[in-house]
Amino acid sequence: MANVNTLRNLQALSSSPSSAQTLPSEAVLDALKMMLIGASLTEVLTSITRLIEAHSEGMLCSIFLLDQDGLHLRYGVAPQLPQAYQAATDGTCIGPNVGSCGAAAYLRQPVFVSDILSHPNWTNFRSVVLQSGLRAAWSTPIMSHDGKVLGTFCMYYREVRHPETHDIQLIDYASRIAGIAIERERSRSALTLAFENVQKSEAQLRQIVDAIRQGIVILDPEGTILYANQWLLDYTGLRIEEAIAPNLRTRIFHPEDVARVQDERHDALSRGLPFENEQRALGKDGKYRWFLILYNPLRDEHGSVIRWYVTGTDIEDRKQAEQRVRNENLALREEIDRSSMYEAIVGSSGALRRVILQIDKVAPTDSTVLISGETGTGKELIASAIHKRSKRSAKAFIRVNCAAIPPSLIASELFGHEKGAFTGATQRRVGRFEAADGGTIFLDEIGDLSSEVQIALLRVLQEREFERVGSSQPISVDVRVLAATNRNLDAAVSAGTFREDLFYRLNVFPIRVPSLRERKDDIPLLVEYLVERYAKRAGKRISHIKKKTLDLFQAYDWPGNIRELQNVVERAVILCDGETFSVDEVWLQRKSTELSGPLQVSRAGILAADKIEFADRERKAIEAALAECQGRVSGPHGAAAKLGIPHQTLESKIASFGIDKRRFKALNSKRRSA
């Protein structure tokens, strides 16, 4: 209850007429005292209305409070208003044309209606107004300190009346004091409710934290332990007093781990960023187990760390499994590193060993190398391995797919051009040979070069110089040439489509890459390598490959060689749901070379159909990647990186499929404009 003297002062003021046009300081102080001594909101607001009513004979006051929905007004106090009027107007919906209070709350500004009966805002309330005898209504919104509407303060008169300056000032004072009272009451209620909720939440949270099967510790900003949950106490066998003691770390963590992470932990705590480490913790059974320790900071509104929340997750089983895998694979990995893993060339068969031996012999020299083999056998990998093992390895390795460049542009691509050399040549361009100066150039699909370019290339091989398109000035270069083809160049020379002198210039050191059919012993290792690579890319864990699956892979002929093997493995990894790798047997059905009946399709027909189906899938994959990368081929965000193939290879495929890269750029522009 309010202080008796304070209430008496306000009541005495409200019962004695006053001609003063401002609120007496004593009355204002009394209203504030009522708030401080804990008077109810209704008591405070009633006293304020009576305080204002005492300033003018016949004045009636009311205070509306805005409902929680922010749309309706409910009476807080209206001690002198007729009951019928209160009943008709309680719950009024705010709006720009709703009476005086509804409009003031909506417009967030005072609304003074001098004649209620003639004002359109009061049309819906006219009958109750006539019954109550009210004629003027002046209302102002009650605002919070942060600009929110709390309610309205209203003065009523029984005669038509226009507000004067002192009236406006008076209603403004009244609304401010009422706003203080309303805000204080709401803050007190919110604080009480929040405190109760915090008490309940803290108890519930402690129960939850104690039930979690993880070690949980709370630290202060310097790393001192403030709390440890029940699971940690049960694991260590310590009492809570021992668990929050300064020596807990040295008491339960392995000495090697404490020394290993000490400086790292101290630096991480000082930086205030989340971090983690792995340590062995001693249990009450006297054994150490591995734990993943995660540190996460809690910050205040200024960004300063006020607490550290630390969780310890048991990873002993994972550590044991990792150690077993390391032990089991150590010998195998050493063998692979020694004889099988040569750059990205995987295998240990005799056919592949002969190729690797040739690479070792020719790589340190500057001799021109001609790499031949079926499509998909990895000729570019052989060229890359030669470059990386050469004395030019620190210099450029320029790849050119001769089949991917239009015949009209290949001379410009290889040798560059001068400004104005042809339509569209708006500036000088350095060619691939000039870019490879001091390094190595790899000419893939060399058998697709036109006769004119063959002549220019022959000159480069003979004299180590060339001329840009549109220039007669010779440019000397120091370039090692590696070439590759899946064509029979001997047959092309006999047919007159490939120059004999160029062939002999290229064929200084021939390397034939064996097909996958010739190195079937490498298939299990290749499958394991590819499964691991594509599973990691797909975010999957595949730990086992069935023997039946490997038998299927080794029984298949692989007309598309390693490229086809890659596609099959990638498709199978995508479809794999568990940790065991397997394939659909239909994909790898053996193709018989003999006819068993009149309805059997020939091997050539089967292969042709397979190639068409494979090409269609490959085309769709390329188009999807180009669409996602907006037509970009190279670079870290290009389609080649997305597909996991060299950008020269992708350019070649785009050209062979006749795909227009520009339409994907145009499609993206249309989407942005839409």
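Because the structure is predicted, anything quoted here is derived from the model rather than measured.

Draft legend 1. A look at the overall build of the protein chain. Broken down by element type, the protein chain carries 26 helices and 20 strands. Looking at the protein chain residue by residue over its 674 residues, the buried ones come to 43%. For the protein chain, the proportion of contacts with a sequence separation of at least 24, taken over those separated by at least 6, is 61%. Put simply, the protein chain shows about 36200 Å² of open surface, and 51% of that area lies on carbon and sulfur atoms.

Draft legend 2. Local environment of the packing of helix α20 (residues 523-538) against helix α21 (residues 547-555). Packing of α20 against α21 leaves a shortest axis separation of 9 Å and a crossing angle of 115 degrees. Crossing hand, α20 versus α21: right-handed. On the side of α20, the interface is formed by Ile-523, Pro-524 and Val-527, while α21 contributes Leu-550, Phe-553 and Gln-554. Along the lines of polarity and charge, the residues of the contact of α20 with α21 split into five nonpolar, one polar and no charged.

Draft legend 3. Seen up close, the pattern of salt bridges. Applying the stated rule across the entire model yields 35 salt bridges. Residues Glu-434 and Arg-468 are paired through a salt bridge, measuring 2.9 Å at the closest nitrogen-oxygen approach. Here the residue Glu-434 occupies a position in helix α16 (residues 432-435), and Arg-468 occupies one in the loop between β15 (465-467) and β16 (474-476), the gap between them amounting to 34 residues. Between Asp-501 and Arg-499 there is a salt bridge, with its nearest N and O atoms 2.9 Å apart.

Draft legend 4. Region of the structure containing the side chain of Ser-349. Looking at where Ser-349 falls in the secondary structure, it is placed in the loop between α12 (316-340) and α13 (350-362). Residue Ser-349 is classed as buried on the basis of its relative accessible area of 6%. When sequence neighbours within four positions are dropped, the list of residues in contact with Ser-349 reads Arg-519, Asp-521 and Asp-522.

Draft legend 5. Region of interest: a nonpolar patch on the surface. On the surface, a nonpolar cluster with roughly 230 Å² of combined accessible area is contributed by Leu-298, Ile-306 and Tyr-309. Relative to the helices and strands, Ile-306 resides in strand β11 (residues 305-314). Given the relative accessible area of 32%, Ile-306 is considered partly exposed.

Draft legend 6. Spatial organisation of unusual backbone geometry. Of note, Arg-464 is a non-glycine position whose phi angle comes to about 55 degrees, a positive value. With respect to the helices and strands, Arg-464 occurs in the loop between α17 (451-463) and β15. Judged by its relative accessible area of 28%, Arg-464 falls in the partly exposed class. The backbone phi angle of Gln-630 is positive, close to 60 degrees, even though this residue is not glycine.

Draft legend 7. Structural detail: the sheet that holds strand β6 (residues 149-157). The six strands lie next to each other as β3-β2-β1-β6-β5-β4, forming an open sheet whose pairing is antiparallel. Of all strands in the sheet, those with a lone pairing partner are β3 (92-93) and β4 (111-113), marking the two edges. The pairing of β4 with strand β5 (residues 136-143) spans three bridges and is antiparallel. Each bridged residue has a counterpart across the sheet, and for Val-111 the counterpart in β5 is Ser-139. Across the sheet, helix α3 (residues 41-53) touches β1 (60-66), β2 (72-77) and β6, and the angle it forms with β1 is around 145 degrees.

Draft legend 8. How the structure looks around the environment of Pro-364. Inspection of the secondary structure assignment puts Pro-364 in the loop between α13 and β12 (369-372). By relative accessible area, Pro-364 is classed as partly exposed at 48%. Between the C-alpha atom of Pro-364 and that of Lys-391, which follows or precedes it by 27 residues, the distance is 6.2 Å. Setting aside chain neighbours within four positions, we find Pro-364 in contact with Arg-389 and Lys-391.

Draft legend 9. Here's a closer look at the sheet that holds strand β17 (residues 480-485). Ordered by their spatial adjacency, five strands build an open sheet running β13-β14-β17-β12-β18, and the pairing between neighbours is parallel. Two strands lie at the open edges of the sheet, namely β13 (397-401) and β18 (509-512), each paired on one side alone. Taking the axes of each pair of neighbouring strands and ignoring which way they run, one obtains an average angle of 20 degrees across the sheet.

Draft legend 10. Expanded view of the confidence of the model for the protein chain. The share of residues in the protein chain with pLDDT of 70 or more is 86%, and the mean pLDDT across the chain is 82. When mean pLDDT is compared element by element in the protein chain, β4 scores highest at 95, while helix α1 (residues 4-15) scores lowest at 40. Scored below 50 in pLDDT, residues 1-21 makes 34 contacts in the model with residues more than four places away or belonging to other chains. Scored below 50 in pLDDT, residues 591-607 makes 15 contacts in the model with residues more than four places away or belonging to other chains.

Draft legend 11. Examining the environment of Gly-151 more closely. When you line up the elements, Gly-151 lands in strand β6. For Gly-151, a relative accessible area of 0% corresponds to the buried category. In the structure, Gly-151 is positioned 85 residues away from Leu-66 in sequence and 4.7 Å away in space, judged by C-alpha atoms. Leaving out residues up to four positions away in the same chain, Gly-151 has contacts with Phe-64, Leu-65, Leu-66, Thr-140, Pro-141 and Ile-142.

Draft legend 12. Structural detail: the pairing of β12. Judged from the four bridges that link them, β12 and β17 form a sheet pairing that is parallel. Paired with Leu-370 across the strands is Ala-483, a residue of β17. Note: β12 against β18, four bridges, orientation parallel. By the bridge assignment, Ile-371 is partnered in β18 with Ile-511.

Draft legend 13. Representation of the nonpolar core within the structure. Within the largest apolar cluster, 31 residues are counted, with the highest numbers of intra-cluster contacts made by Phe-433, Ile-441, Leu-443 and Ile-446. Setting aside residues up to four positions removed in sequence, Leu-443 forms contacts with Val-400, Cys-402, Leu-414, Phe-433, Leu-457, Val-481, Leu-482, Ala-483 and Ala-484.

Draft legend 14. Focus on the side chain of Arg-480. In this structure, Arg-480 sits in strand β17. Here Arg-480 sits buried without a salt bridge, and the closest side chain of opposite charge, Asp-366, lies 5.0 Å off (N-O distance). Only 2.7 Å separates the side chain of Arg-480 from the backbone oxygen of Thr-365, close enough to count as a polar contact. Contacts of Arg-480, omitting those with residues within four sequence positions, involve Val-362, Ala-363, Thr-365, Asp-366, Ser-367, Val-369, Ile-386, Ser-390, Arg-392, Gly-439, Thr-440 and Ile-441.

Draft legend 15. How the structure looks around helix α25 (residues 647-657). By the burial criterion, the buried members of α25 are Gln-648, Thr-649, Leu-650, Ser-652, Lys-653, Ile-654 and Phe-657. At the C-terminal side of α25, Gly-658 shows a positive phi close to 70 degrees.

Draft legend 16. Up close: the packing of aromatic side chains. Per the stated rule, a full pass over the model turns up 18 aromatic pairs. Ring centres of Phe-397 and Phe-442 lie 6.4 Å apart, and the angle between their planes is 15 degrees; this geometry places the pair in the stacked category. Here the residue Phe-397 occupies a position in strand β13, and Phe-442 occupies one in strand β14 (residues 440-444), the gap between them amounting to 45 residues. In this pair, the class of Phe-397 matches that of Phe-442, namely buried. The ring of Tyr-534 has Arg-533 sitting right over it, with the charged end atom 5.0 Å from the ring centre. For Arg-571, the ring lying beneath its charged end belongs to Trp-587, and the centroid distance is 4.2 Å.

Procedures and definitions
- Residues numbered from 1 in each chain as written.
- Predicted model: local features only at pLDDT ≥ 70, side-chain atom pairs only at ≥ 80, totals over all residues.
- Heavy atoms only, no water.
- Helix = DSSP H or I, 4+ residues; strand = E, 2+ residues; numbered from the N terminus.
- Buried < 20%, exposed > 50% of the residue type's maximum accessible area, 1.4 Å probe, protein only.
- Contact = heavy atoms within 4.5 Å.
- Areas by Shrake-Rupley, 256 points an atom, 1.4 Å probe, with all protein chains shown as cover.
- Axes fitted to C-alpha atoms, helices over the stretch in contact; angles between N-to-C directions.
- Left-handed = near helix turned anticlockwise from the far one by under 90°.
- Nonpolar A, V, L, I, M, F, W, Y, C, P; charged D, E, K, R; others polar.
- Salt bridge = Lys/Arg side-chain N within 4 Å of Asp/Glu carboxyl O.
- Patch = residues over 30% accessible without salt bridge, like charges linked within 9 Å, V, L, I, M, F, W, Y side chains within 5 Å.
- Pairing = 2+ DSSP bridges.
- pLDDT = per-residue confidence, 0-100.
- Core = buried A, V, L, I, M, F, W, Y, C linked by side-chain atoms within 4.5 Å.
- Lys, Arg positive; Asp, Glu negative; His and termini not counted.
- Polar contact = N/O pair within 3.5 Å; in protein donor to acceptor, adjacent residues only side chain to side chain.
- Phe/Tyr/Trp six-rings, centres within 6.5 Å; stacked < 30°, edge-to-face > 60°.
- Lys NZ or Arg CZ within 6 Å of the ring centre and 35° of its normal.

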